[in-house]
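Structural overview for review
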Amino acid sequence: QVQLVESGGGFVQAGGSLRLSCAASGRTFSTYAMGWFRQAPGKEREFVAAISRSGGSTSYADSVKGRFTISRDNAKNTVYLQMNSLKFEDTAVYYCAAEYHWGIPTRNKMQYDSWGQGTQVTVSS
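Now for a look at the structure at hand. None of these values were measured; they are calculated from a predicted model.

Describing the sheet that holds strand 7 (residues 68-73)
- With respect to topology, four strands assemble into an open sheet ordered 1-3-8-7, the strand pairing being antiparallel. Where the open sheet ends on each side, the last strands, each with one partner, are strand 1 (2-7) and strand 7. Between one strand and the next, the sheet's axes are offset by a mean angle of 20°, whatever the strand orientation.
- As defined by bridge partners, strand 1 adjoins strand 3 (residues 18-26) across six bridges and the pair is classed as antiparallel.

Shown next, in the form of structure tokens:
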């Protein structure tokens, strides 16, 4: 199993940017597809973005398409989420997750095998 640690969250004004990082350790990072999810207070955890093992395929939630970019550096065992033009409604705890079996970007959180502890993103309106 892979262990995941997120970083890069914080407080930002609407329209600003943040870059989240998720560092992996344990099993070979390049064998996992990776995803970012978020959970706002009182809401279910929702899909944000995902990337395939090689990084050649990505998927985004409609709510973040064009504003967020997921990428990975397999040499550094790290996946990133660049978030631009942030909105108040992007406020949430952001989690990264690793999926081993399929290796493709999936929106289904039940298919992910490992999760990080989350990092808080707060956007002021």
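So, the pattern of salt bridges
- Evaluation of the coordinates by the stated rule reveals four salt bridges.
- Of the charged contacts in the structure, one is a salt bridge between E46 and R38, with a shortest N-O distance of 2.6 Å.
- Overall, the relative accessible area of 35% leaves E46 in the partly exposed class.
- D62 is paired through a salt bridge with K65; the nearest N and O atoms lie 3.3 Å apart.
- If you follow the salt bridges from partner to partner, you end up with R38, E46, R67 and D90 in one network.

Reading guide: rules and limits
- Residues numbered from 1 in each chain as written.
- Predicted model: local features only at pLDDT ≥ 70, side-chain atom pairs only at ≥ 80, totals over all residues.
- Heavy atoms only, no water.
- Pairing = 2+ DSSP bridges.
- Helix = DSSP H or I, 4+ residues; strand = E, 2+ residues; numbered from the N terminus.
- Axes fitted to C-alpha atoms, helices over the stretch in contact; angles between N-to-C directions.
- Salt bridge = Lys/Arg side-chain N within 4 Å of Asp/Glu carboxyl O.
- Buried < 20%, exposed > 50% of the residue type's maximum accessible area, 1.4 Å probe, protein only.

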